[in-house]
Amino acid sequence: MNKKIGILLAGVAVLALAFFGVRAYTKSKSPADTASFNQNGLSVQVDYCRPYKKDRVVFGQLVPYGKVWRTGANEATLFTVKQDVKIAGKPLKAGTYTLWTVPNADVWTIVLNRQTGQWGTKYDELQDVLRVDVPAGKTTGTVEQFKIDFAAMAGGANMVLLWENTEVKVPVTL
């Protein structure tokens, strides 16, 4: 009986090491980051991972047009608001959601989904809380590593998504 327990414990230890080893490896390729905005009563935080371009064509190839993208790498990107807000004019209750996007050349669909805690490729459209279209623009230069940032604006902030030669601004207002 003790031998079976020892084998079981060893197996669990090997699986745990493998899990954390894979996690560390993927995080080294697309490191985790946090973007946040706290001004004038608006508190927003985005937890995501930042993949690199690495001489690839990103939008339209690596990230296909017209298909749901996890908006980063690794685990699904988390979008947290501490108060009720409007995303591009549509209401969203305070809470934590996963952030997904459907990129296209000129317009992106921003998707907020109530399911959290999943790997970034486990998307369930039935859990969508909000979908809104926003224009996509061009950057002045190439952005090597995916980045989410916030820029203050009247009544709130733009959540700015940057990668390759694309810039997408998502208004978040009270």
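Residues numbered from 1 in each chain as written. Predicted model: local features only at pLDDT ≥ 70, side-chain atom pairs only at ≥ 80, totals over all residues. Heavy atoms only, no water.

Participant: What is the right way to look at the nonpolar core in this model?
Facilitator: Generally speaking, a soluble globular protein has its nonpolar side chains buried in company with each other. The biggest cluster of nonpolar side chains holds 34 residues, and the ones touching the most others in it are Phe79, Ile87, Leu92, Trp108, Ile110, Ile148 and Met159. Listing elements by their share of this core, those giving two or more residues are strand 1 (32-39), strand 2 (42-49), strand 3 (77-81), strand 4 (85-87), strand 6 (95-102), strand 7 (107-113), strand 8 (128-153) and strand 9 (156-173). In contact with Ile87, other than residues within four places in its own chain, are Phe79, Leu92, Leu112, Leu130, Val132, Val170, Pro171 and Val172. (Core = buried A, V, L, I, M, F, W, Y, C linked by side-chain atoms within 4.5 Å. Buried < 20%, exposed > 50% of the residue type's maximum accessible area, 1.4 Å probe, protein only. Helix = DSSP H or I, 4+ residues; strand = E, 2+ residues; numbered from the N terminus. Contact = heavy atoms within 4.5 Å.)

Participant: In this structure, what is going on with the side chain of Arg50? I would like to understand it.
Facilitator: Checked against the element boundaries, Arg50 lands in the loop between strand 2 and strand 3. Within the structure, the side chain of Arg50 is placed 2.6 Å from the backbone oxygen of Phe146, a separation counted as a polar contact. (Polar contact = N/O pair within 3.5 Å; in protein donor to acceptor, adjacent residues only side chain to side chain.)

Participant: It is not clear to me how the packing of aromatic side chains should be interpreted in this structure. Could you clarify?
Facilitator: In this description, an aromatic ring pair is defined by two values, namely the gap between the centres and the angle between the planes. Counted by the stated rule, this structure contains 10 aromatic pairs. Geometrically, the ring pair formed by Trp69 and Trp108 is edge-to-face, given 6.2 Å between the ring centres and 85° between the ring planes. In this pair, Trp69 is assigned in the loop between strand 2 and strand 3 and Trp108 in strand 7, connecting sequence segments 39 residues apart. You can call Trp69 buried: its relative accessible area is 9%. Put simply, the rings of Tyr48, Phe59, Trp69, Trp108, Phe146 and Trp163 pair up and form one aromatic cluster. (Phe/Tyr/Trp six-rings, centres within 6.5 Å; stacked < 30°, edge-to-face > 60°.)

Participant: Mind showing me how you'd approach the environment of Thr166 here?
Facilitator: Positionally, Thr166 belongs in strand 9. In this structure Thr166 comes out as buried when scored by relative accessible area, which is 7%. Along the chain, Thr166 and Thr142 lie 24 residues apart, while their C-alpha atoms are 8.4 Å from each other. Separated by 3.4 Å, the side chains of Thr166 and Asn165 make a polar contact.

Participant: I tried to follow the confidence of the model for the protein on my own but got confused; where do I start?
Facilitator: The predicted coordinates should not be examined in detail at positions where pLDDT is low. Taken as a whole, the protein shows an average pLDDT of 90; of its residues, 84% reach a score of 70 or greater. Per-residue pLDDT stays below 50 along residues 16-27; that stretch engages in 7 contacts with residues further than four places along the chain or on separate chains. (pLDDT = per-residue confidence, 0-100.)

Participant: Mind showing me how you'd approach the pairing of strand 6 here?
Facilitator: Successive side chains on a regular strand alternate, one facing one side of the sheet and the next facing the other. With respect to burial, strand 6 is a largely interior element, 6 of its 8 residues being buried. Of the pairings in the sheet, the one linking strand 3 to strand 6 comprises 5 bridges and is antiparallel in character. If you follow Val81 over to strand 6, its bridge partner there is Gly95. Looking at chain direction, strand 6 and strand 7 are connected through 5 bridges and run antiparallel. (Pairing = 2+ DSSP bridges.)

Participant: When you look at the pattern of salt bridges in this model, what are you seeing that I'm missing?
Facilitator: Where side chains of opposite charge bring their charged atoms close, a pairing between them can arise. On inspection of all chains with the given rule, the structure shows 4 salt bridges. Residue Arg131 pairs with Glu125 through a salt bridge whose shortest N-O separation is 4.0 Å. Classification of Arg131 as partly exposed rests on a relative accessible area of 32%. For Glu125, a relative accessible area of 52% translates into the label exposed. In this structure, Arg131 engages Asp128 in a salt bridge whose closest nitrogen and oxygen atoms are separated by 3.0 Å. On the accessibility criterion, Asp128 (18% relative accessible area) is buried. (Salt bridge = Lys/Arg side-chain N within 4 Å of Asp/Glu carboxyl O.)

Participant: Where do I start with the sheet that holds strand 2 in this structure?
Facilitator: Sheet strands line up and pair through hydrogen bonds in the backbone, either parallel or antiparallel. With antiparallel pairing, the 9 strands of this open sheet are ordered in space as 1-2-3-6-7-8-9-4-5. A strand with exactly one partner marks an edge of an open sheet, and here the two such strands are strand 1 and strand 5 (90-92). Here the average twist between neighbouring strands, direction ignored, is 35°. (Axes fitted to C-alpha atoms, helices over the stretch in contact; angles between N-to-C directions.)

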